[in-house]
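What the coordinates show
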Amino acid sequence: MSGPAGVDTTGDHGIGAALEAVLLLAEEPVPASVLAGVLDTSTERVRAACEELAEQYETQGRGFVLARVAGGYRFQTAPAQDTYVERFVREGHSARLSAAALETLAVVAYKQPVSRHQVAEIRGVNVDGVMRTLRRRGYIDEIARAPGPGQAVLYGTTPQFLEHLGLDSLQDLPPLSDFVPDPAEVEAMESRLRLVPDPSGPDPDGPGDDHQ
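Residues numbered from 1 in each chain as written. Predicted model: local features only at pLDDT ≥ 70, side-chain atom pairs only at ≥ 80, totals over all residues. Heavy atoms only, no water.

**Details of the packing of aromatic side chains**
Stated formally: Each aromatic pair joins two rings of Phe, Tyr and Trp (for Trp, the six-membered one) with centres within 6.5 Å, and gets the label stacked for planes under 30 degrees apart, edge-to-face for over 60, and tilted for any other angle. A run of DSSP states H or I qualifies as a helix once it reaches four residues; a run of E qualifies as a strand once it reaches two. Both are numbered from the N-terminal end. Consider the ring centre and the ring normal. A charge sits over the ring if Lys NZ or Arg CZ is within 6 Å of that centre and within 35 degrees of that normal.
Applying the stated criterion across every chain yields a total of three aromatic pairs. Their ring planes at 90 degrees and their centres at 5.5 Å tell us that phenylalanine 64 and phenylalanine 75 sit as a pair that is edge-to-face. Within this pair, whereas phenylalanine 64 is found in strand β1 (residues 64–69), its partner phenylalanine 75 is found in strand β2 (residues 72–77), the two being separated by 11 residues in sequence. Linked through ring pairs, Tyr57, Phe64 and Phe75 together constitute an aromatic cluster. One cation-aromatic arrangement involves arginine 68 over tyrosine 73; the distance from NZ or CZ to the ring centre is 5.6 Å.

**Comments concerning the side chain of arginine 74**
Counted only if it meets this: The buried label applies to any residue whose accessible area, calculated with a 1.4 Å probe on protein chains only, is under 20% of its type's maximum; exposed applies above 50%, and partly exposed to all values in between. Here a residue-residue contact requires only that any non-hydrogen atoms of the pair lie within 4.5 Å.
Mapped onto the secondary structure, arginine 74 falls in strand β2. What makes arginine 74 buried here is its relative accessible area of 16%. With residues near it in sequence (within four places) discarded, arginine 74 still touches Pro29, Val65, Leu66, Ala67, Val69, Glu163 and Gly166.

**Re the pattern of salt bridges**
To keep it simple, the criterion reads: A side-chain nitrogen of Lys or Arg and a carboxyl oxygen of Asp or Glu constitute a salt bridge if their distance falls within 4 Å.
All told, the structure shown has six salt bridges when counted by the stated rule. Here arginine 68 and aspartate 168 are joined by a salt bridge, their closest N and O atoms 3.2 Å apart. With a gap of 100 residues between them, arginine 68 in strand β1 and aspartate 168 in the loop between α8 (159–165) and α9 (183–195) connect regions that are remote in the sequence. On the basis of relative accessibility, which here comes to 38%, the residue arginine 68 falls in the partly exposed class. According to the relative accessible area criterion, aspartate 168 is partly exposed, its value standing at 25%. In this structure, glutamate 103 engages arginine 123 in a salt bridge whose closest nitrogen and oxygen atoms are separated by 2.9 Å. Taken together, the positions of glutamate 103 in helix α5 (residues 99–111) and arginine 123 in helix α6 (residues 116–123) put the pair 20 residues apart, joining distant regions of the chain. Residue classification places glutamate 103 among the partly exposed positions, given a relative accessible area of 43%. Taken together, the shared-partner salt bridges in this structure form one network comprising Arg135, Asp141 and Glu142.

See the structure below:
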């Protein structure tokens, strides 16, 4: 079987080379079904070839990986090179989100669908500007309307959000329990805090002593 422009898709090498060429041009993750149509082969064969390529890159210790992200495949930098990638980003080659924007994005990601008012209540501050920034960046968007009077706009994350985090679906988000200490840890922390002298209380050494 021959694919477009005479590409031989009958052998694994032909499929692998074709996949590399297409994915290098792609700006977003490409679903296996789309790749199968381009290569004139089956979706199962595309998935198998992508897995084989991914294993090869990992074995060879390449600076990039072939990852399944947001329901498709794309090339991205290897985790082992994060130090250099972060340095490149810190030097101003990519716009970074503020702490407020990241906190707001986390609320939307975990509570979606969620209204702007609900996000503001959770964060305790006005989030209008931050929400506009996140929409402009393509990380969140309107996904529904709340039932009842007013029908407030409900927001959720976008495929671009999954792509930037390297996730295949929202189910891949780490559970909130990973960020919240368990009751035993909270109790231990409170116990330690009770042992710390109150800096606003009386000086245990009494007045007149200079301990500078």
